[in-house]
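# Report on the structure
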Amino acid sequence: MDIGSLSSPQHDLFHYALRQGDTPLILAQRLCEWCGYAPELEIDLALSNIGLDLLGQARHFLSYAATLSETEQDEDRLAFGRGEREYLNLLLAEQPNGGFNDTLVRQFFIDAYHFLLHQALGQSRNAQLSAISNKSLKEVTYHLRFSRGWMIRLGDGTEQSHQKIQRSINQLWRFTGELFFCDEIEQRLAEEGIAVDPRTLHGPWQEIIRETFAEATLEIPAELPYRQGGKQGLHTEYLGYMLTEMQCLQRSYPGCQW
């Protein structure tokens with residue numbers, strides 16, 4: 001992807017818009033893998049609808065990123081035409097679905113983060129980012145209500161459901177630190193009032209987690225070394241396999257239209 005002609009501020013904004021689009025794009029792909037396989041019809045429909053909401057959010061951010069690329073990019077090319085190292089999503093979003101407990105914990109962690117992110121990004125000095133986030137906030141509020149409700153229902157449910165949810169929390173906790181890692185791009189944009197410094201979201205996010213875990217009789221894991229790098233294009237082994245399936249049609253028939 002040729003972005004060498006971009007000025008520094010536009011380069012930063014382009015990458016920031018990609019980050020905000022890539023995480024919901026990859027998470028939407030994961031959630032839609034549940035279609036027809038969820039444990040009950042209500043959950044099947046809910047996960048598919050949440051996935052479609054996330055896909056819509058991704059489309060808005062990637063469409064905006066395309067206007068900043070100064071090349072012949074569009075939302076489809078950005079979504080389906082990049083290599084693995086060019087995706088800038090959070091590592092947590094690309095983790096496998098596993099059981100419903102794994103999917104639920106992954107979703108809850110990201111929903112709490114997205115709720116706070118879009119609240120803050122809705123105040124951005126950039127009119128486009130602000131508009132996208134204010135629209136997205138209505139959707140992520142529902143997403144958080146759904147995942148938080150199921151966390152409480154299963155955490156404070158049977159002994160088996162409690163153990164499964166706690167196990168998923170322990171396995172995925174090491175990916176949550178990246179949510180609040182601030183690199184130079186985000187720091188520069190945050191200082192200009194355009195982006196959100198993710199470090200400012202850490203405290204409120206922890207409060208949502210603590211309140212939910214207390215009600216669900218769950219425990220916050222001991223601190224472990226965190227995994228990060230997704231926002232810089234360094235991913236876990238799962239993303240490459242996922243892109244192989246996700247990009248199959250566009251790779252086989254470049255530029256096809258229906």
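Residues numbered from 1 in each chain as written. Predicted model: local features only at pLDDT ≥ 70, side-chain atom pairs only at ≥ 80, totals over all residues. Heavy atoms only, no water.

### Digging into the environment of G122
- Considering the arrangement of structural elements, one finds G122 in the loop between α4 (100-121) and α5 (127-155).
- A relative accessible area of 7% places G122 in the buried class.
- Once you skip the residues sitting within four places of it in the chain, G122 turns out to touch S130, S133 and N134. (Helix = DSSP H or I, 4+ residues; strand = E, 2+ residues; numbered from the N terminus. Buried < 20%, exposed > 50% of the residue type's maximum accessible area, 1.4 Å probe, protein only. Contact = heavy atoms within 4.5 Å.)

### Observations concerning helix α7 (residues 184-191)
- Within α7, burial applies to I185, E186 and L189. Take α7 and look down its axis: the buried residues cluster within an arc of 90°, on one side only. Across from the buried face of α7, at angles greater than 90 degrees, the exposed residues are E184 and E191.
- Near the N-terminus of α7, the side chain that reaches the backbone nitrogen of I185, with its oxygen 3.3 Å away, is that of D183. (Arc of directions from axis to C-beta. Polar contact = N/O pair within 3.5 Å; in protein donor to acceptor, adjacent residues only side chain to side chain.)

### Digging into the packing of aromatic side chains
- Summed over the entire model, instances satisfying the criterion amount to 10 aromatic pairs.
- With a centroid separation of 5.7 Å and 55° between ring planes, the pair formed by F109 and W205 is classed as tilted. Taken together, the positions of F109 in helix α4 and W205 in helix α8 (residues 202-216) put the pair 96 residues apart, joining distant regions of the chain.
- Each member of the aromatic cluster is reached from another via a ring pair, and the members are F108, F109, Y113, W173, F180, W205 and F213.
- Directly above the aromatic system of Y87 lies the positively charged group of R82, at a separation of 4.2 Å from the ring centroid.
- A cation sits over an aromatic face here: R153 above W150, 4.1 Å from the ring centre. (Phe/Tyr/Trp six-rings, centres within 6.5 Å; stacked < 30°, edge-to-face > 60°. Lys NZ or Arg CZ within 6 Å of the ring centre and 35° of its normal.)

### Points about empty space enclosed by the protein
- Enumeration over the complete set of coordinates arrives at 1 cavity of 30 Å³ or more.
- As a volume, the largest cavity reaches approximately 80 Å³.
- Taken together, R19, Q20, T23, P24, L88, L90, Y113, H114, E186 and K231 make up the full set of residues lining the largest cavity.
- Counting only elements with at least two residues in the lining of the largest cavity, the list comes to α1 (8-32) and α4. (1 Å grid on protein atoms, 1.4 Å probe; cavity = no way out; pocket = protein on both sides within 12 Å on 5 of 7 lines; lining within 4 Å. Points joined across faces, edges and corners; volume = space filled by probe spheres on them.)

### As for the layout of surface pockets
- Within this model, the largest pocket holds a volume of roughly 300 Å³.
- Lining the largest pocket are 13 residues, with D76, R77, Q250, G255 and C256 sitting closest to its centre.
- Of all the secondary structure elements, the ones that give two or more residues to the lining of the largest pocket are α3 (75-80) and α10 (248-252).
- Its residues assigned to classes, the lining of the largest pocket comprises 5 nonpolar, 4 polar and 4 charged.
- By volume, the second largest pocket amounts to about 190 Å³.
- Elements with a minimum of two residues in the lining of the second largest pocket: α6 (159-172) and α9 (237-246).
- Per-class residue counts for the lining of the second largest pocket are 4 nonpolar, 4 polar and 4 charged. (Nonpolar A, V, L, I, M, F, W, Y, C, P; charged D, E, K, R; others polar.)

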